[in-house]
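Analysis of the macromolecular model
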Amino acid sequence: MKDNLIKVGISIGDMNGVGLEIILKTFEDSKMLELCTPIIFASNKTVSYQRKYFDINTNFQGIEKIENAISGKLNVLNCWKESPNVTFGKVTEEGGKYAFISLKKATEALKSGEIDVLVTAPINKNNIQSEEFNFPGHTDYLAKELEGQSLMFMVSEGFRVGLFTDHVPLKDVSSHITEELIFSKIRLMNESLKKDFCLQRPKIAVLGLNPHCGDGGVIGSEDDEVIRPALRKLFEEGVLVFGPFSADSFFATQNYFNYDAVIAPYHDQGLIPFKTLSFGNGVNYTAGLSKVRTSPDHGTAYEIAGKGIADADSFRQAVFMAIDVFRNRLEYELLLENPLKTKALEAEK
């Protein structure tokens, strides 16, 4: 039934990047409109300009209120009346201003339940900064707005990579790796794998912080003194967590296939192998929040903005994942309400 389609809110990111191009390309396929009711938080003029510029045959319906969204159509909620300048490939103050307006309006709708999930197009972390947005990125902003503990989770089919620290300078990473942080992030990951990805007994691999996990303290002591003891305590409480594993060989030996997810101490340690193996098909998912948010695994891509060659597959996958996780959460809640059904499913598995 079209009336029961999941409402997918979409923030446009930096309009000087590839955001609106990949959004319009995604919904050029009418089959996408059979899966959800998409609502772009922007304006008719802004969307019309880019649709004409890229010659994309994506029809849309302009609306003034979310309640007027039409199922089976691409909807554009008018969040501003002016026509901001678009300068493809350039970092401008205007680009950041309207990226935040779009994100703020979409987040408000997500919090109020007017939309079911949020898919965010890429922002520029510099020009979006303001008194209202003083965060390293989407993840931290949404964690504050949705009052949750967030976990950056990169996902591509069965390949999942999370991070203990995300946008933290490398020189500060070791001071952030505490027992408290390890407990928090791994518990978040374990819970997300269960309720968001329907895994009953997820197995989690943890990468070491130092080269060769410190080589017994020769190249650093954090792995032996902080990470390993914390993992032992988590395992004793029933979390299937393993490691730490030496990061330099973990992915090369394809060891990650043996686990449902991998968690890395810092940003590049986890994201370089993930993007090397899955770039263009991966999704950035924010676990641990009360609401569902996904994003493509790439940035604004200024270098190709305005050329009409941006690949929409990662954004498309982000829409699919948002829908899937939303449904999985509903199913998980129903199973919790009916423990007998849960036991039957576990026995069947």
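Now for a quick tour of the structure.

Conventions adopted
- Residues numbered from 1 in each chain as written.
- Predicted model: local features only at pLDDT ≥ 70, side-chain atom pairs only at ≥ 80, totals over all residues.
- Heavy atoms only, no water.
- Helix = DSSP H or I, 4+ residues; strand = E, 2+ residues; numbered from the N terminus.
- Rg over C-alpha atoms; globule rule 2.2 N^0.38 Å.
- Buried < 20%, exposed > 50% of the residue type's maximum accessible area, 1.4 Å probe, protein only.
- Contact = heavy atoms within 4.5 Å.
- Areas by Shrake-Rupley, 256 points an atom, 1.4 Å probe, with all protein chains shown as cover.
- Core = buried A, V, L, I, M, F, W, Y, C linked by side-chain atoms within 4.5 Å.
- Domains from an automatic or database assignment.
- Phe/Tyr/Trp six-rings, centres within 6.5 Å; stacked < 30°, edge-to-face > 60°.
- Lys NZ or Arg CZ within 6 Å of the ring centre and 35° of its normal.
- Expected span 1.5 Å × (residues − 1).
- Arc of directions from axis to C-beta.
- Pairing = 2+ DSSP bridges.
- Axes fitted to C-alpha atoms, helices over the stretch in contact; angles between N-to-C directions.

Before going further, it helps to spend a moment on the overall build of the protein. Along its length, the protein carries 11 helices and 12 strands. The C-alpha radius of gyration of the protein comes to 21 Å, within 12% of the 20 Å expected for a compact globule of 349 residues. Here the protein, with 349 residues, has 52% of them falling under the buried criterion. Once local pairs closer than 6 in sequence are excluded, the contacts in the protein between residues at least 24 apart make up 73%. Approximately 16,100 Å² of the protein is accessible, and the part contributed by carbon and sulfur atoms is 48%.

A separate point is the environment of Phe135. By the element assignment, Phe135 lies in the loop between β5 (117-120) and α4 (138-145). Sequence separation of Phe135 and Lys125 is 10 residues, and the distance between their C-alpha atoms is 8.1 Å. Ignoring sequence-local partners within four residues, the contact set of Phe135 consists of Gln129, Asp140, Tyr141 and Lys144.

With 94 residues, the main nonpolar core has Phe27, Phe153 and Ile186 as its most contacted residues. Ranked by residue count, the leading element in this core is helix α10 (residues 313-337), at 8 residues. A domain-level breakdown of this core finds at least three residues from each of domain 1 (1-148 + 289-348) and domain 2 (151-281). Every residue in contact with Phe27, bar those within four places of it in the chain, is listed here: Ile10, Met32, Leu33, Cys36, Pro38, Thr58, Leu74, Phe315 and Val319. Leu163, Ala205, Tyr256 and Val262 belong to the second largest nonpolar core, which has 15 residues in total.

Applying the stated rule across the entire model yields 23 aromatic pairs. Between Phe245 and Tyr259, the ring centres sit 5.7 Å apart and the planes meet at 55 degrees, which makes this aromatic pair tilted. Here Phe245, found in strand β9 (residues 240-245), pairs with Tyr259, found in the loop between α8 (247-250) and β10 (261-264); they are 14 residues apart in sequence, far enough to count as distant. Overall, the relative accessible area of 15% leaves Tyr259 in the buried class. Joined through ring pairs, the aromatic side chains of Phe159, Phe235, Phe242, Phe245, Phe250, Phe251, Tyr256, Phe257, Tyr259 and Phe274 make up one cluster. For the cation-ring pair, Arg160 lies above Phe197, with the distance from its terminal atom to the ring centre recorded as 4.9 Å. Just above the ring of Tyr259 sits the side chain of Lys203; from NZ or CZ to the centre is 5.6 Å.

What follows concerns helix α7 (residues 222-236). Its 15 residues give α7 an end-to-end C-alpha distance of 20 Å, which sits within 8% of 21 Å, the value for a rise of 1.5 Å per residue. Looking at the packing, one finds that the buried side of α7 touches α6 (179-195), β8 (203-207) and β9. Directly after α7, the chain includes Gly238, whose backbone phi takes a positive value near 110 degrees.

Moving on: helix α2 (residues 44-54). Three- or four-residue spacings in an α-helix give side chains the same orientation, since the helix completes a turn every 3.6 residues. Three or more residues of α2 are buried, namely Thr46, Val47, Gln50 and Phe54. The arc enclosing the buried residues of α2, seen along the axis, measures out at 95 degrees, which places them on a common side. For α2, the elements touching its buried residues are α1 (19-26), β2 (36-42), β3 (60-63) and β4 (74-78).

Attention now goes to the sheet that holds strand β12 (residues 292-296). Strand-to-strand pairing in sheets goes through backbone hydrogen bonds, with the strands running parallel or antiparallel. Strand order in the open sheet formed by 12 strands is β3-β4-β2-β1-β5-β12-β11-β6-β7-β10-β8-β9, and the pairing between neighbours is mixed. Edge positions in the open sheet fall to β3 and β9, since each of these has one partner strand only. If you compare each strand with its neighbour and ignore which way they point, the axes differ by 25 degrees on average. The pairing of strand β7 (residues 159-163) with β10 spans 3 bridges and is classified as parallel.

Let us look at unusual backbone geometry. The amide bond that connects Gly243 to the next residue, Pro244, takes the cis arrangement and shows omega of 0 degrees. Summarising the element assignment, Pro244 is placed in strand β9. At Gln254, a position not held by glycine, the phi torsion is positive, near 60 degrees. Note that Gln254 resides in the loop between α8 and β10. Despite not being glycine, Ala301 has its phi angle at roughly 50 degrees, a positive value.

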